[in-house]
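Architecture at a glance
Here is what each chain is made of, one letter per residue.
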Amino acid sequence: MKKSNTTSRIRKQIKYVICSLVVITFLGADLYAQNTGRVSGRVVEETTGEPLPGVNIVLQGTTQGTVSDMDGYYNILNIEPNDYNIVASMVGFARVIVEDVQVSMNENSVINFEMREEAIEGEEVTISAPREIVRLEQSQSRTLVRAEDLEAQAVSNLEEVLSTYPGISLTAGAGGTGLVIRGGNLNETDILVDGLSTRDMRTQQPNTTLNLTAINELEVISGGFTAEQGGIRSGMVNVRTKDGSMDSYEIVADLRMSPPQRKHFGPSPFSTEGPFWQVYAGPDAMTGVTQEMVNSGQYPFTWVGWNAFARSRLSDGNSASDVSPQEAYEIWKWQHRRVEYANKPDYILDFTLSGPMPVLPNRENRYLSRTSFMVSQRYDNMQLAYPLSRKNSIGSSTLLKLTTRLGGGRRLAINAGYLARLGVGSGWYGTATGIVDGTRQGTSYARNALQRDGMWNTAAVNPVDTRHFRAGVQYNHAISDRTFYEVGTEYTQYSTKQEPTTFIDPDLCIKIIAGQCYDETPFGYLSSDVGNTGEQYDILGDFLMSGGGRGRDNSNYYTAAASFTMTSQITRNHQLKGGADFEYALYRERQEVNHGESTTPREQSPHLWTYFDSSPINASAFFLDRIEYGQMIANVGVRADIMDYGERAYTLDPDVVFGQKPYSTSVYQDSTDKAFLSFEHLQYGDNVRKMYISPRLGVSHPITTSSKVFFNYGHFYQPPVLDNLYTVTPSGSGATIPNLEAEWPKTISYELGFEVGLMDNYLISFTGYYKDVTNQLSRQEIVSRNRDQIIRTWENNSYADIRGVEMRLQKMTGRWFRGWGSLEYSTRSTGNTGFRYIYENPLLARDQRESTGQSRSIPRPSVNANLIFTTPTDFGPQIVNQNPLGGWRLTIRQSWSDGGDYLWNPEARVGDRLYVEQIDYWNTDAQLNKTFRVAGSAIGFFAQITNLTNYRGFPNAQNSIIYRESLRFPFYSGERQGNDKWGDWDKDHIELGYHTWNRFINPRHFTFGIRMQM
């Protein structure tokens, strides 16, 4: 009879799963995980160890609970992350309460009960929850970070938090700034906030401007993604914000400020101490600077002097250019007026308020009385390293969350976020995707944006604004204590705006020199639209005074999506999860990439614009079986991803291109629809559709109660970025055309790891990984014999092999000390599987076949450590209810990485290539914090120092020829032979040039702050 009931129950659960998936498969969105937790375990009789069926297991203070089965096992699913007391009760047995059980998102907390017969009526046994050092059920590289862990780190933003973990590093370049995980690319990672992606839809790069005080916990996954996680190939960061308590209000505020200070070593290039004012306006400016004076160290470079300059003007035969030495000197000073910067503080405000929704007196509302809220605001105002079209950057992030407990196992959550970033572009022409801001990473980006010839022209690079709004609704319903489902909807809008800075009025006379009027140039943008040349240079013809940033961008992207997932513990050994998602997108790209002197409308110069309206459709489905047999836990799943590009493929057959030369600007402009120019006549077939199946497997096998070995394997696909799919731009000698039939980039990942917990407080982990990356998209050009047609497109013609080993030691808790350290070895090899060029000319084709695009790297070790020294809050004597010696915390972050090798002559054949050592990177940050506790509130004051040792690091060799020629290496002979490293600078024979302002960046930086929690 019991067996029949069990079979019937299993069939009923399977029906729930199958029917729900079939009915709601049309729903969608990349809302990966429910972000809820699970508690499971076994109940046995204390003396005999026999299983106890029928025991009631309840989360105290909630309606969630279950009953142990015939073998004493129990499972409670779909638990909101928090700390709970769990109660086990049964008639005739003493009630057992396990206190402070920590339930975290996507984790299983194992709580076993030993119950004894009741000796006294109402007897109760209370114990503390055991600490799980090793999460035995996890079959992937995963780190869980809680709110208290974030507070204990010497960091100001999420990027710095994540970069301390093994396999994660920060990068800054023309492609953007952000996270690189295990040798991947910036766009291979996603950051989810309460299930909503923060990705920039144009580049697929996640946004890391996030309210730290709003975070309840976050998980960092750097390998072994399960079948429910798609669209990523390197990493995922899953953030769950605070829900808000139903019992009390909480306020957390973090305010930090840095006093005005330069973010680069050396003097201001715009000041009298800078090299240009030294030479052109110094004591020898009139007579000139000789080479001997330069050699003696008096001046950075030679100069003929204003006297000689004026004589050359008088003898050039053009009387309009005649000028006296003093007049030329005054004109130069006006055109190079000193610029003040780094004279204002940085400040960051991070504020979160949460609690129950207020209900008006005598106005009871059954829904509001069950609703909690969280509202959070972060505001970053950071000074840029150099004055560009802006002197500061703004980051503003607003989060809102409403959670309603509807009863009957139902929960409704509404999440919304609005992010605005105001910074500066990184290039003159509008081609770069990143934003220069005032962070440490943005400073690295900025020193390349400040090009010497445009440094006085504030319009050399454009201001850039991006705005990202996202909102979602999630409905969670527990059908039974074994099954629950979640339905989610999402709407996202992303916009980017880039245009020249303030325009100059050329008729405005501000300064008169020698009877001639001068406007506010170089501060502002002088457009060719007002009848002047877009680019104008100073009196020396050396520095750009106007023109500058040419690009414009006014693009908007929209998505609407929905999803459905269902989870069911159909038996003790199998937990099934399945789901589907659907997303509709509208991309309106309006970007000008202009290498001319000024911006131009698309109607005049269509070949300078990336312009498209596209509506792709994405859908996916997954199935995951979590299998538990004895000591082994396995996650077996499969995922399907489908995308309809909403566009037909273009003709890219070389024979057609070479024979007909169909792509030209004239054909593009002769399109029948003048408002939307196109190469439609060269498209063929139906809309391109792609479908990929991704198997996933993860196995965790406990060795003891505190150690495990785990393995995972999976296929991961990711759709190309928008630029690869939709950019159609004609040029004078051809066009840029997308290759829609190219395959999606693919990564096959393998991971093997071992974890062991020691003495209930130490965690040691070893992980090895291998990533086989294929079908990488890279540029390809189809070149006709006479180069009268060049088609630029993308092809699956590059690969990467990434290998690494990670080791980590962590002390979990400690009255005086805790922390962790990690060591990583990684290496990456890349190469081409196809040709960069398709030549019609057979001679060029033959030469290309004899070259290679392969590169390798030697394994590079890196070390990260986060050490926390504390004094207990009750330490030392008490004065006025405070312990002056207690509540102190010193946090030290240490990073080091081997510099590896630098390819000295990349143009050489493989056998002739020379490699030189690079200098190592290292950095030390520290934070000292003192916390006072008053009337149940905590107030902390802290001082943070980044780059504690003032380490200068790698120089920016802007005068690269001078720098390269001054280095001495073993493969040279004579005086040039030596043992220098690429990056050495502190030697007498090494020359860096006179660009003192951007040789070295991010000097020692102080921040002071206060944190309140009430």
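To start, this report covers the structure provided alongside it. Here the structure is a predicted model, which means the values were calculated and not measured.

1. Considering the pairing of strand E40 (residues 790–811)
Both faces of the sheet carry side chains from a regular strand, because those side chains alternate between them. With three bridges joining them, strand E37 (residues 734–736) and E40 adopt parallel strand pairing. When the sheet's bridge partners are listed, Ala735 is paired in E40 with Ile791. Linkage of strand E39 (residues 762–783) to E40, two consecutive antiparallel strands, is achieved through a turn of six residues, within which Arg787 is found at a positive phi near 60°. Of the pairings in the sheet, the one linking E40 to strand E41 (residues 817–832) comprises 14 bridges and is antiparallel in character. Counterpart to Gln810 in the pairing with E41 is Trp820. In sequence, E40 turns back onto E41 through a hairpin of five residues.

2. Some words on the packing of aromatic side chains
Across all of its chains, the model carries 51 aromatic pairs by this definition. Where Tyr485 meets Phe564, the ring centres are 5.8 Å apart and the plane angle is 35°; that geometry is what we call tilted. Taken as a pair, Tyr485 in strand E24 (residues 483–498) and Phe564 in strand E29 (residues 552–569) lie far apart in primary sequence, 79 residues in all. When its relative accessible area of 17% is taken as the criterion, Tyr485 is described as buried. A residue is classified by how much of its surface remains accessible, and Phe564, at 1% relative accessible area, is buried. Taking NZ or CZ as reference, Arg337 lies 3.7 Å from the ring centre of Trp334, over its face. Just above the ring of Trp820 sits the side chain of Arg808; from NZ or CZ to the centre is 4.3 Å.

3. Let's talk about the nonpolar core
In terms of nonpolar packing, the biggest core is built from 48 residues, with Phe276, Tyr280, Trp306, Trp332, Val436, Met455 and Trp456 touching the most fellow members. Looking at this core, the elements that each hand over two or more residues are helix H4 (275–280), helix H5 (291–295), helix H6 (306–314), helix H7 (325–335), helix H8 (440–449) and strand E28 (544–546). Take this core: its biggest share by element is five residues, from H7. If sequence neighbours within four positions are ignored, Trp332 has contacts with Phe276, Trp277, Tyr280, Ala281, Trp306, Asp538, Ile539 and Leu540. Formed by 23 residues, the second largest nonpolar core is a distinct cluster that contains Leu162, Tyr165, Ile168 and Ile191.

4. Considerations on the state of the cysteines
The tally for this structure, following the rule as stated, stands at one disulfide. Covalently, Cys509 is tied to Cys517 through a disulfide, its sulfur atoms 2.1 Å apart. Across the S-S bond linking Cys509 and Cys517, the dihedral sits near -85°, which makes this disulfide left-handed. Judged by relative accessible area, which is 46%, Cys517 ranks as partly exposed.

Basis of the calculations
Residues numbered from 1 in each chain as written. Predicted model: local features only at pLDDT ≥ 70, side-chain atom pairs only at ≥ 80, totals over all residues. Heavy atoms only, no water. Pairing = 2+ DSSP bridges. Helix = DSSP H or I, 4+ residues; strand = E, 2+ residues; numbered from the N terminus. Phe/Tyr/Trp six-rings, centres within 6.5 Å; stacked < 30°, edge-to-face > 60°. Buried < 20%, exposed > 50% of the residue type's maximum accessible area, 1.4 Å probe, protein only. Lys NZ or Arg CZ within 6 Å of the ring centre and 35° of its normal. Core = buried A, V, L, I, M, F, W, Y, C linked by side-chain atoms within 4.5 Å. Contact = heavy atoms within 4.5 Å. Disulfide = S-S within 2.5 Å.

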